[in-house]
Amino acid sequence: MSVAAHISSPSIILVELEILLTVITIGGWGGFVSFLMKREENSAMHKDIMGCLAQITTSCFTGFILSVIAIDRNLSFNMVMLAAGLGGVFASPILRLLGDKVKAYIVNNNITPK
């Protein structure tokens, strides 16, 4: 099973559906683990379920982004899955770092919103 099936354009990467679903699932599982690590003992059940779903959604996105970076760097299948899992568990710090990088890029290049 090939992680990335490159076509003629280097900016487009084709990934098999099974790999994409695996990456998203591992990112979501990482989000669930992250939620369990941060969970308070005596919190309301409804609030817990909503917080868990929010964490899983964020973790799926971050795991996907990290796995795309891993695929772009031609890493092995195992390393792509590792990147997806780590992206799921550490979604908040990764997004915070990414946000800081984007802000610095905008400030340094004098990009102003219209």
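Details of the structure are given in the entry above.
Fair warning: this is a prediction, and the values are worked out from it, not measured in the lab.

Concerning the side chain of Thr62
- With respect to the helices and strands, the residue Thr62 is situated in helix H2 (residues 45–72).
- The exposure class of Thr62 is buried, given its relative accessible area of 2%.
- A polar atom in the side chain of Thr62 sits 2.9 Å from the backbone oxygen of Thr58.
- If we ignore the near neighbours within four places in the chain, the residues touching Thr62 are Gly87, Ala91, Ile94 and Leu95.

A look at the packing of aromatic side chains
- In total, this model carries 1 aromatic pair according to the counting rule given.
- Summarising the aromatic geometry, the rings of Trp29 and Phe32 are spaced 5.6 Å apart at their centres and angled 35° between planes, so their arrangement reads as tilted. You can see Trp29 and its partner Phe32 sitting in helix H1 (residues 17–38), 3 residues apart, about one turn around the helix.
- In this structure Phe32 comes out as partly exposed when scored by relative accessible area, which is 29%.

Quick word on the nonpolar core
- Ile19, Val23, Ala70, Ile71, Val80, Met81, Ala83 and Ala84 form the largest nonpolar core, which has 8 residues in total.
- At the level of elements, H1, H2 and helix H3 (77–89) are the ones that each hand at least two residues to this core.
- Here the element with the most residues in this core is H3; it accounts for 4 residues.

Thresholds, definitions, all that
- Residues numbered from 1 in each chain as written.
- Predicted model: local features only at pLDDT ≥ 70, side-chain atom pairs only at ≥ 80, totals over all residues.
- Heavy atoms only, no water.
- Helix = DSSP H or I, 4+ residues; strand = E, 2+ residues; numbered from the N terminus.
- Buried < 20%, exposed > 50% of the residue type's maximum accessible area, 1.4 Å probe, protein only.
- Polar contact = N/O pair within 3.5 Å; in protein donor to acceptor, adjacent residues only side chain to side chain.
- Contact = heavy atoms within 4.5 Å.
- Phe/Tyr/Trp six-rings, centres within 6.5 Å; stacked < 30°, edge-to-face > 60°.
- Core = buried A, V, L, I, M, F, W, Y, C linked by side-chain atoms within 4.5 Å.

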